[in-house]
Amino acid sequence: MQHISVKAFAKINLGLLITGKRPDGYHMLETVFAPVNWYDELTFTSADELSMTCSNLDLPSDDNNLCLKAASALRDYAEMTKGATIRLTKNIPFGAGLGGGSSDAAATLRVLNVLWGIHAPSDDLHALAVKLGADVPYFLESSGLVFASGIGEQLQDLERSLPFHIVTVFPEEHISTVWAYKNFYPKFERKVPDLKEMVFELCENKDLTVLPTFENDFEAVVFDYYPSVRQAKEKLLEEGALFASLSGSGSAVFGLFDRQDAAEKAMQAFGDKSRASLTPPSFKMIQ
């Protein structure tokens, strides 16, 4: 009986600009994904049937879970009937804009592709990932800073890493991505800044003047409906963050700090009221 255990890391969005809407209802966007050191733990064991357990009982462990959807999609692709038991220890908050579910799904595709001896080519795995969710390809294929466009599935490795300590805070609010896309305030007519160029300036020259460019188009509506999320961002800034922003559609917020002691102090300022994570500079996910 074979066991494989892996970590599935979270991400933040350094800027998230919604640029339009396709005829099929999907929104077009430009964003920069950055990995953070907050992770779920998954263990896969070969079995006759396909099943899973989850440490968080608020999450489904049936066919509605993205892990089982990913496993089923891979099994259908390979036209096989092999099974596996998936044990998910859920540490990344859900409804946080940190991509935890997408990361878990990507880990499932990656591990079961090996465990089941499928060895599907990367293009085929990418196609399966896109159908599961727009963020899944990032977690499947990347480890660091990536520019994403399209619906989030077109990826370009920026070959850079953030030279900052990142404090990521979950204000204990669960926000639906569907709700956020239905209610955000569109700005489709604006001139979209070059996020890639801004990342290069930030990482290569530590040019802090580019930081205001990294807007998140979900922030305004989320702050209007969830004041505690706005307060969490303001607290990060009060604690000395060089920049703070919403991640994804929220509710998690993050702050960039130039010193480890300042980042640790900011973490402590939230106490036990909000879960938080600290990511060191130049962090990359371990695949």
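Let us look at the structure shown here. Just so you know, these numbers come straight off a predicted model, no measurement behind them.

1. Re the overall build of the protein
Per the secondary structure count, the protein includes 9 helices and 10 strands. For a compact globule of 287 residues, the expected C-alpha radius of gyration is about 19 Å, and the protein comes in at 19 Å, within 12% of that figure. Within the protein, the proportion of its 287 residues that are buried is 51%. Taking as baseline every contact in the protein between residues at least 6 positions apart, the subset at least 24 positions apart corresponds to 75%. As presented, the protein carries roughly 13,000 Å² of accessible surface, and 48% of it is formed by carbon and sulfur atoms. Of the side-chain charges in the protein, 26 are positive and 38 negative, and the distance between the mean point of each set is 2 Å.

2. Some points on the layout of surface pockets
Considering only enclosed or pocket space, the largest pocket measures out at about 1,300 Å³ in volume. Together, 45 residues line the largest pocket, and Leu66, Ser102, Gly133, Asp135 and Thr177 are the ones closest to its centre. Counting residues per element, the ones that place at least two in the lining of the largest pocket are β1 (3-21), β2 (27-47), α1 (66-78), α2 (100-115), α3 (122-132) and α5 (177-183). Taken together, the residues of the lining of the largest pocket sort by class into 21 nonpolar, 18 polar and 6 charged.

3. Focus: unusual backbone geometry
Backbone torsion omega between Gly250 and Ser251 reads 15 degrees, so that peptide bond is classified as cis. Turning to its location among the elements, Ser251 is positioned in the loop between β8 (243-246) and β9 (253-257). Of note, the phi angle at Glu172 is positive, near 65 degrees, even though the residue is not glycine. Mapped onto the elements of the fold, Glu172 is located in the loop between β7 (165-170) and α5. A relative accessible area of 35% means that Glu172 is categorised as partly exposed.

4. What about the sheet that holds β7?
Sheet architecture is open: 4 strands sit in the order β8-β9-β7-β10, paired in antiparallel fashion. Only two strands of the sheet have a single partner each, and these edge strands are β8 and β10 (275-279). Taking the axes of each pair of neighbouring strands and ignoring which way they run, one obtains an average angle of 15 degrees across the sheet. As paired strands, β8 and β9 are joined by 4 bridges and run antiparallel to one another.

5. Thoughts on the packing of aromatic side chains
What the rule picks out here adds up to 11 aromatic pairs. Taking 5.3 Å as the distance between ring centres and 80 degrees as the angle between the ring planes, the aromatic pair formed by Trp179 and Tyr225 counts as edge-to-face. Placement of Trp179 in helix α5 and of Tyr225 in helix α7 (residues 219-225) is noted, with a sequence separation of 46 residues between them. For Trp179, a relative accessible area of 23% puts it in the partly exposed group.

6. Here's the deal with the packing of α1 against α3
To characterise two packed helices, one gives the angle between the axes of the helices and the distance between these axes. Interaxial distance between α1 and α3 falls to 10 Å at its minimum, and their mutual angle equals 140 degrees. With respect to α3, the element α1 is oriented oblique. You can see that α1 and α3 cross each other, and the crossing is right-handed. Across the interface between the two elements, Leu66, Lys69, Ala70, Ala73, Leu74 and Tyr77 from α1 touch Asp124, Leu125, Leu128 and Leu132 from α3.

7. Looking at the nonpolar core
Leu42, Leu74, Leu109, Leu112 and Trp116 are the most contacted members of the largest nonpolar core, which totals 40 residues. With 7 residues, α2 is the single largest residue contributor to this core. With near-sequence residues (within four places) excluded, Leu42 lies in contact with Ile4, Ser5, Val6, Ala8, Cys67, Ile86, Arg87, Leu88, Asp104, Ala107 and Thr108. Listed in part, the 30 residues of the second largest apolar core include Ala34, Leu145, Leu195 and Ala252.

8. Let's talk about α2
Over its 16 residues, α2 runs 22 Å from end to end, which matches the ideal 22 Å to within 8%, given 1.5 Å per residue. Here α2 lies mainly inside the structure; 13 of its 16 residues are buried. Where α2 terminates, the next one or two residues include Gly117, which has phi positive at roughly 65 degrees.

9. Notes on empty space enclosed by the protein
Throughout the structure, instances matching the rule amount to 1 cavity of 30 Å³ or more. Roughly 70 Å³ of internal volume is contained in the largest cavity. Lining the largest cavity are 13 residues, with Pro35, Leu162, Ile166, Ser282 and Phe283 positioned closest to its centre. Counted by class, the lining of the largest cavity contains 9 nonpolar, 4 polar and no charged residues.

About the criteria used
Residues numbered from 1 in each chain as written. Predicted model: local features only at pLDDT ≥ 70, side-chain atom pairs only at ≥ 80, totals over all residues. Heavy atoms only, no water. Helix = DSSP H or I, 4+ residues; strand = E, 2+ residues; numbered from the N terminus. Rg over C-alpha atoms; globule rule 2.2 N^0.38 Å. Buried < 20%, exposed > 50% of the residue type's maximum accessible area, 1.4 Å probe, protein only. Contact = heavy atoms within 4.5 Å. Areas by Shrake-Rupley, 256 points an atom, 1.4 Å probe, with all protein chains shown as cover. Lys, Arg positive; Asp, Glu negative; His and termini not counted. Charge placed at Lys NZ, Arg CZ, Asp CG, Glu CD. 1 Å grid on protein atoms, 1.4 Å probe; cavity = no way out; pocket = protein on both sides within 12 Å on 5 of 7 lines; lining within 4 Å. Points joined across faces, edges and corners; volume = space filled by probe spheres on them. Nonpolar A, V, L, I, M, F, W, Y, C, P; charged D, E, K, R; others polar. Pairing = 2+ DSSP bridges. Axes fitted to C-alpha atoms, helices over the stretch in contact; angles between N-to-C directions. Phe/Tyr/Trp six-rings, centres within 6.5 Å; stacked < 30°, edge-to-face > 60°. Parallel < 35°, antiparallel > 145°, perpendicular 65-115°, else oblique. Left-handed = near helix turned anticlockwise from the far one by under 90°. Core = buried A, V, L, I, M, F, W, Y, C linked by side-chain atoms within 4.5 Å. Expected span 1.5 Å × (residues − 1).

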